[in-house]
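Take a look at the letters that make up each chain.
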Amino acid sequence: MAKAPANSNLYGMILRLVLILAVCLAGMISCTDEASTADSLTASYDDMQRIVSQGDSVQIPAVNIISRFSYNFYIDVHEVTVGEYAKILNASFDSDEKDYPVTDVSFYDAVFFANEKSKAMELDTVYSYEGLSRSSDGHIIYLENFTTNFQSNGYRLPTEAEWIYAAQKGWNPSKNAWTSENSDFEKHKVCELSKDKNDLCDMAGNVLEWTNDWLSNTQNATVENFAGASAPNSLSEVVVKGGSYRNAAKNINLKNRGDVYTVSPPMHAAYVGFRLVRGVVDFVQQLEEENRASQAWNIQALTSATELKNKLGVLNSVLAFRDDETGNLGYIRFASSNPTVVEIVDTLDVYHPTISPDGSKIAFCTKPEGISGNSSLYVRDLNETGSNLVRLDVESAAIPRWRVLGADTQIVYVTSAANNSNEAEWKLASTWSVPFANGTFGTPTKILDGSYNGGVLNDGTLAVSGARLLRAKVNDREEVWLNGEQACNASLSEISHQVLFLDFGSSTGENFSGESYSPHKQLLVADTSGNLTAMIPAPEHYTFDHTEWVENSPNYAVATLTDDDGAHSKIVLIHTADSSVTEIASGNELWHPNLWTDALEANQQMDIDLDSAGVYVFRGDEFVYQFLRVKMELFWNRADSLEVVCLGSSRVEDGIIAQKLDSSYATVNLGHPDNTLSFTLFIAENYVLNHAHKLKAIVIALDIDIWQAYENVHLDQFQKYPGTVYDRNHYYWKNGTPSYFPQMVQSSYAEPNIRNTYLSTLGYSALEPQGWGEVAEVNVDSMWASIHPEIIDAQWLLLENFLSLTKNQGIPVVGIIFPQSPLYKETGSFGRYGPQRSVAASIIERLNALQKNYPNFVLMDENKMGNHDYSDAMAYGLDHLATPGAEQLTDRLDSVLRTLETFQ
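Residues numbered from 1 in each chain as written. Predicted model: local features only at pLDDT ≥ 70, side-chain atom pairs only at ≥ 80, totals over all residues. Heavy atoms only, no water.

K.L.:
How should I be thinking about the packing of aromatic side chains in this particular structure?
P.N.:
Aromatic ring pairs: the centre-centre distance and the angle between the two ring planes describe each pair. If you walk through the whole model with that rule in mind, you get 35 aromatic pairs. Arranged with centres 5.6 Å apart and planes meeting at 65°, the rings of Phe 107 and Tyr 108 form a pair that is edge-to-face. When its relative accessible area of 1% is taken as the criterion, Phe 107 is described as buried. Under the relative-accessibility criterion, Tyr 108 is labelled buried at 7%. Taken together, a centroid distance of 5.5 Å and an interplanar angle of 20° make the contact between Phe 364 and Tyr 378 stacked. One end of the pair, Phe 364, is in strand β22 (residues 361-365); the other, Tyr 378, is in strand β23 (residues 377-381), and 14 residues separate them in sequence. Pairwise contacts between aromatic rings join Tyr 616, Phe 635, Trp 636, Phe 679, Phe 682, Tyr 687, Phe 718, Tyr 726, Tyr 732, Trp 733 and Phe 741 into one cluster. The ring of Tyr 155 carries the charged tip of Arg 278 above its face, separated from the ring centre by 5.6 Å. Directly above the ring of Tyr 758 sits Lys 631, whose terminal nitrogen or CZ lies 5.0 Å from the centroid. (Phe/Tyr/Trp six-rings, centres within 6.5 Å; stacked < 30°, edge-to-face > 60°. Buried < 20%, exposed > 50% of the residue type's maximum accessible area, 1.4 Å probe, protein only. Helix = DSSP H or I, 4+ residues; strand = E, 2+ residues; numbered from the N terminus. Lys NZ or Arg CZ within 6 Å of the ring centre and 35° of its normal.)

K.L.:
Help me understand the sheet that holds strand β15 (residues 277-278), please; the structure alone is not making it clear to me.
P.N.:
Working definition: the strands of a sheet are paired by backbone hydrogen bonds and lie parallel or antiparallel to each other. With antiparallel pairing, 4 strands are arranged side by side in an open sheet as β1-β4-β15-β9. Only two strands of the sheet have a single neighbouring strand rather than two, namely β1 (48-51) and β9 (155-156). Across the sheet, helix α5 (residues 160-168) lies against β1, β4 (73-76), β9 and β15, angled at about 75° from β4, the strand it touches most. (Pairing = 2+ DSSP bridges. Contact = heavy atoms within 4.5 Å. Axes fitted to C-alpha atoms, helices over the stretch in contact; angles between N-to-C directions.)

K.L.:
Looking at this structure, I do not really get the nonpolar core. What am I missing?
P.N.:
Most often, soluble globular proteins keep nonpolar side chains buried together rather than apart. With 89 residues, the main nonpolar core has Ile 683 and Leu 847 as its most contacted residues. Among the elements that take part in this core, helix α13 (residues 677-691) stands out by supplying 9 residues, more than any other. Counting 37 residues, the second largest nonpolar core, distinct from the first, contains Val 102, Ile 140, Leu 143 and Ala 229. (Core = buried A, V, L, I, M, F, W, Y, C linked by side-chain atoms within 4.5 Å.)

K.L.:
So what exactly am I meant to see when it comes to the state of the cysteines here?
P.N.:
As used in these notes, a disulfide is a covalent bond between sulfur atoms, one from each of two cysteines. The full count for this structure, using the stated rule, is 1 disulfide. Here Cys 191 connects covalently by a disulfide to Cys 201, the sulfurs 2.1 Å from one another. Of note, the bridge from Cys 191 to Cys 201 carries an S-S torsion of about 105° and is right-handed in sense. Here Cys 191 is found in the loop between α5 and β10 (208-214), whereas its partner Cys 201 is found in the loop between α5 and β10, with 10 residues between them in sequence. By relative accessible area, which is 28% here, Cys 191 ends up partly exposed. (Disulfide = S-S within 2.5 Å.)

K.L.:
Is there a simple way to explain helix α21 (residues 883-899) in this structure?
P.N.:
Turn by turn, an α-helix covers 3.6 residues, leaving residues three or four places apart pointing in a common direction. Given a rise of 1.5 Å per residue, 17 residues ought to cover 24 Å, and the 25 Å separating the end C-alpha atoms of α21 matches this to within 8%. Every buried residue belonging to α21 is among Gly 885, Ala 886, Gln 888, Leu 889, Thr 890, Leu 893, Asp 894, Val 896 and Leu 897, and all of these are buried. At its buried positions, α21 is contacted by β42 (644-647), α11 (650-655), α12 (658-662), β44 (697-701), β45 (813-817) and β46 (857-861). (Expected span 1.5 Å × (residues − 1).)

K.L.:
Can you help me understand the pairing of strand β37 (residues 543-549) in this one?
P.N.:
In terms of burial, β37 is a largely internal element, 6 of the 7 residues being buried. As judged from the 5 bridges shared by β37 and strand β38 (residues 556-562), these two strands associate in the antiparallel manner. Considered in β38, the bridge of Trp 549 is made with Ala 557. Where β37 hands over to β38, the hairpin turn is made up of 6 residues, of which Asn 552 adopts a positive phi near 75°.

K.L.:
Please explain the pattern of salt bridges as it appears in this structure.
P.N.:
Note that side chains of opposite charge can pair when their charged atoms are close. Per the stated rule, a full pass over the model turns up 32 salt bridges. With a closest N to O distance of 2.8 Å, Asp 705 and Arg 651 form a salt bridge. Of this pair, Asp 705 sits in the loop between β44 and α14 (713-718) while Arg 651 sits in helix α11, and the two are 54 residues apart along the sequence. The pair formed by Asp 705 and Arg 651 is uniform in burial state, with each residue classed as buried. Asp 879 is paired through a salt bridge with Arg 832; the nearest N and O atoms lie 3.2 Å apart. Of the two residues, Asp 879 is situated in the loop between β46 and α21 and Arg 832 in the loop between β45 and α20 (837-849); the sequence distance between them amounts to 47 residues. Looking at Asp 879, the relative accessible area reads 2%, which means it is buried. Here Arg 832 falls in the buried class, since its relative accessible area comes to 8%. A cluster of three or more residues bridged by salt bridges with shared partners is formed by Arg 651, Asp 703, Asp 705, Arg 832 and Asp 879. (Salt bridge = Lys/Arg side-chain N within 4 Å of Asp/Glu carboxyl O.)

K.L.:
Looking at this structure, I do not really get the environment of Lys 250. What am I missing?
P.N.:
Take Lys 250: it is sitting in the loop between β13 (238-241) and β14 (272-273). Classification of Lys 250 by relative accessible area gives exposed; the value is 52%. On a C-alpha basis, the gap between Lys 250 and Gly 373 in space is 66 Å, while along the polypeptide they are 123 residues apart. Those residues in contact with Lys 250, other than ones at most four positions away along the chain, are Glu 774 and Val 775.

K.L.:
Can you walk me through the packing of α13 against helix α19 (residues 789-809) in this structure?
P.N.:
The axes of two packed helices give the description: the angle between them and the distance between them. Close contact between α13 and α19 brings their axes to 10 Å; oriented N to C, the two are set at 20°. Judged on the interaxial angle alone, α19 and α13 are roughly parallel. The crossing of α13 and α19 is left-handed. Residues Leu 677, Ser 678, Leu 681, Ala 684, Glu 685 and Leu 689 of α13 lie in contact with α19, whose contacting residues are Gln 795, Leu 798, Leu 799, Phe 802, Leu 805, Thr 806 and Gln 809. Residue classes in the contact of α13 with α19 are distributed as 8 nonpolar, 4 polar and 1 charged. (Parallel < 35°, antiparallel > 145°, perpendicular 65-115°, else oblique. Left-handed = near helix turned anticlockwise from the far one by under 90°. Nonpolar A, V, L, I, M, F, W, Y, C, P; charged D, E, K, R; others polar.)

And the structure:
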């Protein structure tokens, strides 16, 4: 055959375009059809296969969603290889690995590569972001303001719908895939096995593949161009597809969209890779998850705990306020090296928030000062969810203020927030006090006629109202201060007996200051007779609003600053003795600040290193540490009340429903992935036994198959975090922690989605049933216990030492052997990670005999060598329980706990 001229491809392309144009002009086909654009880019589709999907549809089997396609697309014939990845990123690589799929890449690593490849091919990039963060080992773990433009013609990850549509035609994992049956638990070169009917390689098996979709659990819908959830769920889960060399062929199917652990963007693993697609999509449908609240606000802390301590004398302080853009309650805990803003998203309007004397609760009302109409008064926990919300059952209650009389904690409130200019109408309102204890209101008692919304001294000698006029009741004598001129935002200090308020450029204020001023330009202070004692000017270009004393800190007040545009853009701390003004927070519209300081802290005489205390993880670290960080917060939050603590691996995390036990006895689930017996006992001995003073039982996992993981890599890393080092240097706080230590932990970094999920479930992770699987995979050499019997001896010594310690302290220990797939009965292995069944039977026999020497030990063998009663509908994979199984196990654990002497 004669060799074609060098420019024959160019001639062919020109001829082809001319023919297409002629056909278009003749009206025979639409010139907007993708063929006319995609085929003209043939040179950019090397190693990609065109998938003709336009007009067709595909089912997403996990959620029964039907996705219709309005476009065709191209998909990589094989997973991106090590060589391709290195070439685009100009990275070095082992030439022997060139043709293997690139793995150990995060979702964001794959996104970054797709953009870089688009740039290299002179295509528009699909993904945009404003900045990126890398972990210490170089993986991209966060992309700031990350978005996807499906209308770009560059490279991207496939949607789940695209991936399934491309894979289903040639799907045959049992005959044409690298799986646990034939892979030797290693990845293989791409396309070593034959291509499928779509001329694609390794869609099933070899390595698990990232897709472009946020996980959506919306069910039963028909959509156009489905592209996952519109926003990440609470764990930021991303869909992955195809299984890997670690999975049995029968367990690889088109329905699966996850892994054994949570799959989120920073995750990377040796068995996870990706392939890319190209295809312009004019529009996609992304489904919104239910109960997703929007938090569109921009608020910042402008000071530190150290700076506040220098002024107020305490580290532990909390600023509460109303975010007027949303109507929600916001707060900042300053007892941290990096104070963060929390906003409690709710449908309730929040005005005049005030923090309880112990810092645990916050009261608020639904009408602001100066506004008539009925108001409701609420109290809720001062936490991220605002839990345990209760309403005072009266017709109207506004502008709450806490006080302590003797041993009683009370809330003083007024029946109307309306202005007080009309004396007769003002006297129709009244001032009341209501006890509040154990999350419950007592019986309200009327204490004064008239709405004294500025406060009432505990001894009753002075009460103040400041909602148009500055009214006072001095030793039962009614007075109007400031010569009857207009005033507002009055606040009475229980400590100094001084009254703080704002005016409107009054003559009285002008005479005192010697100069005229505009409304709210000065903060005024008066004594118990109404005589002015100080005036503090607002900073240039600002006026004051929403003034309030800082309780427990004489001569300090907080206020909002209103800028020249009328926005309440800052909250400031004001020292009335020297007129200094310190900015402590900024936002678009911040109202009604209340700054709480810890009255007990000064008595503890303890300084805390804000950069170390409670820092149990770093941003971007592996998820095992992110999970544990949140579990540590759970523990410290509830340590004083805990009666049952559950510890162990992800089998504990997924298998014990802490909320179910918590209804009877205070419980927390501290189980987390990749745990070991030594890690479990480290937490139990140094934290639980030292601080859970009401402890009635410890529950631990006896994962004898995981005893082979004896190197304690994760424990070693956990012990290096600043918080753990700080705890160790303080002997794990055996003599007690500062009262605000839990707040220190709360304020340290935690992955937000993980934190929100596990705090609400007390550490339990709910899983939907997926069955035990059809094949009992053994992921290690089950002979390990026979080859290295010293491993068993070492684990046994750890367990006996712990049982001896708890025996001496009178603490029962319940050890649970969690159920695994009953199919392991047909193998030589006890479970997923061994050991031999004969060795396991011997270990269990020894465990049963432990109670003779350690009567505080109880064994719950829920596996029974595979002869258990946990059905397929109760399981999540080979060795974890789904929610129905967790319910059964938790009920049985509850029954065991009730037999223990400490529960009698």
